[in-house]
Amino acid sequence: MSEYKIGKVVSVSADTINISLCDHSDLEETIFGVPENMNVTIDTSCGPVPVLIGQPGTFVMVSIPNGMLLSMITDISMKETSASSSEVKKVELQNEYLIQNLQRIISVIPVGTIDASGNFERGTDILPTVNNDVFAVLPETIDKVYESFAEGNFSIGELSLIKNQDAKINLDSFLSRHAAILGQTGGGKSWTVASILQCIANFPKSTVVLFDLHSEYKNAFGDYAEYIDAGELEFPYWLMKSEELLGLMVDRSESAAPNQIAKFKELLQTAKENHAENKTLGIPKITIDTPVFFDFKSILDEFRRLNTEMVTGTKGLKQGDLYGQFSRLLMRIDSRLLDRRYDLIFNPKMYNTSASMETLFQKILGEDKQPKKVIIIDMSSIPFDVRNSVISLILRCLFDFAYWYKKVNSKAYPISVFCDEAHIYFNDNDTNSEAARLSAERIAKEGRKYGISLTVISQRPREVSATILSQCNTFLCLRISNPDDQSYVKNLLPDSIRGIVSMFSNLRRGECILLGDSVIMPTRIKIRKPNPTPNSDDTSFFKEWNKPHEEILFAPVLKAWRNQQA
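Model, not experiment: these values are computed from the prediction.

A. Geometry of the overall build of the chain. Looking only at helices and strands, the chain features 18 helices and 22 strands. A globule of 566 residues ought to have a C-alpha radius of gyration of about 24 Å, yet the chain, at 31 Å, is considerably larger. Principal-axis analysis of the C-alpha atoms gives the chain an extent of 125 × 65 × 50 Å. Taken across its 566 residues, the chain has 48% of its residues classed as buried. Of the side chains in the chain, 61 bear a positive and 71 a negative charge, and the two mean positions are spaced by 6 Å.

B. Highlighting the environment of R305. Assignment of secondary structure puts R305 in helix α8 (residues 296–307). Separated by 98 residues in sequence, R305 and Y403 place their C-alpha atoms 40 Å apart. Of the polar contacts made by the side chain of R305, one reaches the side chain of E302; its length is 2.7 Å.

C. Up close: the nonpolar core. Judged by nonpolar contacts, the single largest core of 141 residues is most densely connected at L70, F211, F221, F426 and M521. The leading source of residues in this core is helix α12 (residues 384–409), at ten residues. In this structure, Y4, V51, L69 and I106 belong to the second largest nonpolar core, which totals 22 residues.

D. Spatial organisation of the pairing of strand β10 (residues 154–159). By the criterion of burial, β10 is predominantly enclosed, with five of the six residues buried. The pairing of β10 with strand β11 (residues 166–169) spans four bridges and is antiparallel. Along β11, the bridge assignment pairs E158 with D166. With antiparallel pairing between neighbouring strands as the criterion, β10 and β11 make up a hairpin whose turn holds six residues, including N164 at a positive phi of roughly 65°. Alignment of β10 against strand β22 (residues 523–527), held across three bridges, turns out to be antiparallel.

E. Region of the structure containing unusual backbone geometry. Omega for the peptide link from N531 to P532 comes to 0°, which places this bond in the cis form. When you line up the elements, P532 lands in the loop between β22 and α17 (541–545). The backbone of N131 shows a phi angle near 80°, a positive value even though the residue is not glycine. As for its placement among the helices and strands, N131 is situated in the loop between β8 (120–122) and β9 (133–136). Here the phi dihedral of S410 falls at roughly 60°; this positive angle occurs in a residue that is not glycine.

F. Fine view of the packing of helix α5 (residues 242–249) against helix α6 (residues 257–274). Interhelical geometry of α5 versus α6 gives an angle of 130° and a closest axis separation of 11 Å. Looking at the two axes, α5 sits oblique to α6. Crossing geometry of α5 relative to α6 is assigned as right-handed. Residues S242, E243, L245, L246 and M249 of α5 pack against I261, F264, K265 and L268 of α6. Of the residues assigned to the contact of α5 with α6, the class counts are six nonpolar, one polar and two charged.

G. The arrangement of the packing of aromatic side chains in detail. If you walk through the whole model with that rule in mind, you get 22 aromatic pairs. Both rings, one in Y425 and one in F426, keep their centres 4.7 Å apart while their planes meet at 75°; by these two values the pair is edge-to-face. Here the two residues Y425 and F426 agree in accessibility, since each one is buried. Three or more aromatic residues link up through ring pairs in this structure, and these residues are Y237, W238, F293, F294, F296, Y342 and F346. If you follow K5 out to its NZ or CZ, it ends over the ring of F32, 5.8 Å from the centre.

H. Structural detail: the environment of I443. Residue placement: I443 occurs in helix α14 (residues 434–450). Classification of I443 by relative accessible area gives buried; the value is 0%. Taking the C-alpha atoms as reference points, I443 and R460, 17 residues apart in sequence, are found 21 Å from one another.

I. Spotlight on helix α9 (residues 327–338). Spanning twelve residues, α9 covers 16 Å between terminal C-alpha atoms, matching the ideal 16 Å at 1.5 Å per step. Among the residues making up α9, those that are buried are L329, L330, R332 and I333. Projection of α9 onto a plane perpendicular to its axis shows the buried side chains occupying an angular sector of 160°, all on one side. Residues of α9 that are exposed and angled more than 90 degrees away from the buried face: R328, M331 and L338. Contacts from the buried residues of α9 go to α5, α6 and α8.

J. The arrangement of the sheet that holds β22 in detail. Pairing within the open sheet is mixed, and its eleven strands lie in the order β11-β10-β22-β21-β20-β12-β19-β18-β13-β17-β14. Of all the strands in the sheet, just β11 and β14 (225–229) have a single pairing partner and so form its edges. Averaged over all pairs of adjacent strands, the angle between strand axes in this sheet comes to 25°, irrespective of strand direction. Pairing analysis gives four bridges linking strand β21 (residues 511–516) to β22, with the strands arranged antiparallel. Paired with L514 across the bridge in β22 is T523.

K. Seen up close, the confidence of the model for the chain. Averaged over every residue, the pLDDT of the chain is 87; residues scoring 70 or more account for 94%. Mean pLDDT across the secondary structure elements of the chain bottoms out at helix α1 (residues 85–93), with 69, and peaks at strand β18 (residues 415–419), with 96.

L. The arrangement of a nonpolar patch on the surface in detail. There is a patch of nonpolar side chains on the surface, built from I552, F554, V557, L558 and W561 and spanning about 560 Å² of accessible area. Relative to the helices and strands, L558 is located in helix α18 (residues 554–563).

M. Representation of α14 in the model. Between its terminal C-alpha atoms α14 stretches 23 Å, which fits the 24 Å expected from 17 residues at 1.5 Å a residue. At A444, α14 shows its largest bend, some 50°. Listing the buried residues of α14 in full gives A436, R437, S439, A440, E441, I443, A444, G447 and Y450. Packed against the buried residues of α14 are α12, α13 (422–425), β19 (452–458) and α15 (466–471). Following α14 by one or two positions, G451 has its phi on the positive side, about 80°.

N. Expanded view of the pattern of salt bridges. For the structure shown, the criterion picks out 27 salt bridges. A salt bridge links D400 to R396; the nearest nitrogen and oxygen atoms lie 2.9 Å apart. Placement of the pair is D400 and R396 together in helix α12, with a separation of four residues, close to one helical turn. A salt bridge links R524 to E511; the shortest N-O distance between them is 3.0 Å. Placement of R524 in strand β22 and of E511 in strand β21 is noted, with a sequence separation of 13 residues between them. No difference in accessibility class separates R524 from E511, as the two residues are buried.

Definitions and cut-offs
- Residues numbered from 1 in each chain as written.
- Predicted model: local features only at pLDDT ≥ 70, side-chain atom pairs only at ≥ 80, totals over all residues.
- Heavy atoms only, no water.
- Helix = DSSP H or I, 4+ residues; strand = E, 2+ residues; numbered from the N terminus.
- Rg over C-alpha atoms; globule rule 2.2 N^0.38 Å.
- Buried < 20%, exposed > 50% of the residue type's maximum accessible area, 1.4 Å probe, protein only.
- Lys, Arg positive; Asp, Glu negative; His and termini not counted.
- Charge placed at Lys NZ, Arg CZ, Asp CG, Glu CD.
- Polar contact = N/O pair within 3.5 Å; in protein donor to acceptor, adjacent residues only side chain to side chain.
- Core = buried A, V, L, I, M, F, W, Y, C linked by side-chain atoms within 4.5 Å.
- Pairing = 2+ DSSP bridges.
- Axes fitted to C-alpha atoms, helices over the stretch in contact; angles between N-to-C directions.
- Parallel < 35°, antiparallel > 145°, perpendicular 65-115°, else oblique.
- Left-handed = near helix turned anticlockwise from the far one by under 90°.
- Contact = heavy atoms within 4.5 Å.
- Nonpolar A, V, L, I, M, F, W, Y, C, P; charged D, E, K, R; others polar.
- Phe/Tyr/Trp six-rings, centres within 6.5 Å; stacked < 30°, edge-to-face > 60°.
- Lys NZ or Arg CZ within 6 Å of the ring centre and 35° of its normal.
- Expected span 1.5 Å × (residues − 1).
- Arc of directions from axis to C-beta.
- pLDDT = per-residue confidence, 0-100.
- Patch = residues over 30% accessible without salt bridge, like charges linked within 9 Å, V, L, I, M, F, W, Y side chains within 5 Å.
- Areas by Shrake-Rupley, 256 points an atom, 1.4 Å probe, with all protein chains shown as cover.
- Salt bridge = Lys/Arg side-chain N within 4 Å of Asp/Glu carboxyl O.
- Bend = angle between axes of the 7 residues up to and from the residue.

So this is what it looks like as structure tokens:
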């Protein structure tokens, strides 16, 4: 353990320790203090090791009674101090000029305790007091701390301020307790996602489902990824629960809504029970939420009949009890059926039997003939209002599959779901996002028990469901400049490390602060560059506009636009 002294504690508060750095001295047997260039050299058994002092994100050790308190630097400043009366008198006697003293102050937050045996434990029972000694930290000490915690040496990059030092995380904690990757546009979120998933894909058996809203990841994962254009994949209506179907058809603000809902559930139950294939499945009790095929047209036909039904009264024919009750409902359903964008839900051609459910799940879990480790579902071709329904259905199906897999096999089938641009479809304030948000919230609250995890990726954390973010135990924060977003993220963090938020705006592209359960202490990381990279590079206006003028071929662009397919 390093014993190179660099300063003393000058003040202690609940979450911050201020340290005054000593001036460098090598006149005595013991060398101590920090030179003006802030670099110290520590003699070790392996030779001299240079250590840079004062960089936010690096570490120091503060002496406490039961060992050393490992602390992260969050701030450094310099201030002038008044000379003592004895110093003033001395310079007057010597007829010299008095030069003000300069004091270098670093602010740190405590992250854990290293005992006399070198073992690290997160947190501390004791805080230092003023005048306690402060020491520099060797890179090998940091490495031992990370190795003591990381499961399987899973590394996603290097420490930003310690060259060649792997940033190791506990992957189990990162995934099973849910995670959030937050950062403004251009901060490196796509690189980070691609880099992490490329590391995960090194496992012989892994299952990751990634919602890709901008077709960024198509070429980032090679042969071990299954790329699915959501516009070409079917997510049939009969897989939906009754409430999900009602959400697509019924306006609950209508006065006739209770009649519409009650009749629909009755007809749905009958349609599922009476379908010929379902009678052969051996299901003891089919409910309105049992995922089996049914004839949607038969339900519509019955609605149309009831909506125009005339019955015999005492004075001749009269309107039935439900006459006209379903006009708006039928109009709404007809508009959905005529809208080609909803074909993937209401007009399935591949998955139109109960038996086809197995084939669909093989597809979305990458378990086709050639198993895949990453399944990219490209949502870019799906309109906004349909996209939320599809995401909701996929999330709910993945959760149900994980739930029943564990029930049947007494062990989990680990599934990790990465949700890019999550603020768009997990939005607390957007009623159109309700279905997708509720499905995600269920995974966030209960998924850990069944081996399904959620990783939300967003540039606007304050627009993501507060319920989802509150369940995330790891935060990978890239550059965040917006004060409101900084403030929001700050409120998500424990009190003891909130001071670290001030570093968010200074991070480089692809650099992040990793906080939470998956890492033993807050860590500033340079994410490893993915290979290949996702298609998320910035457009160079300077380079493109410096090229000679070239004729634009409008026809292919307009054709792709009209066909909704490149």
